[in-house]
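Survey of secondary and tertiary structure
Chain by chain, the residues run as shown.
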Amino acid sequence: MNVWKALGLAGMVGVAATGALVVRSERKRRAYAPEEVRDRLHRRFAAVPDEPQPAATAPRSRGQQLRSRLRFSRAR
């Protein structure tokens, strides 16, 4: 059997397997009743803390680090 033919066949099998997994997960998702989905969302929302978390500051770029060092050395 030609190597390219084997690779093509393996690719087709992979696509078919992925499609089967997607269809199966979609069936599971659609099996929920609307009330069940609503209850899950309400429980998830209730678990979120009321106070927002402080935003983490972004790391300084290399240029910003160098500029701050140069400013510090000039101030001496």
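Residues numbered from 1 in each chain as written. Predicted model: local features only at pLDDT ≥ 70, side-chain atom pairs only at ≥ 80, totals over all residues. Heavy atoms only, no water.

What follows deals with helix α2 (residues 34–47). Its 14 residues place the ends of α2 20 Å apart at the C-alpha level, agreeing with the 20 Å of an ideal helix rising 1.5 Å per residue. Of all the 14 residues making up α2, zero are buried; the element is thus mostly uncovered. (Helix = DSSP H or I, 4+ residues; strand = E, 2+ residues; numbered from the N terminus. Expected span 1.5 Å × (residues − 1). Buried < 20%, exposed > 50% of the residue type's maximum accessible area, 1.4 Å probe, protein only.)

Quick look at the confidence of the model for the chain now. Averaged over every residue, the pLDDT of the chain is 85; the share at 70 or more is 92%. Confidence, expressed as mean pLDDT per element, reaches its minimum in the chain at helix α3 (residues 62–75) with 77 and its maximum at α2 with 92. (pLDDT = per-residue confidence, 0-100.)

Take the pattern of salt bridges next. A full pass over the atoms with the stated rule returns one salt bridge. Where Arg30 meets Glu26, a salt bridge forms, and the shortest distance between an N and an O atom there is 2.8 Å. Remark: Glu26 and Arg30 occur in helix α1 (residues 3–30); sequence separation between them is four residues, near one turn of the helix. Judged by its relative accessible area of 62%, Arg30 falls in the exposed class. (Salt bridge = Lys/Arg side-chain N within 4 Å of Asp/Glu carboxyl O.)

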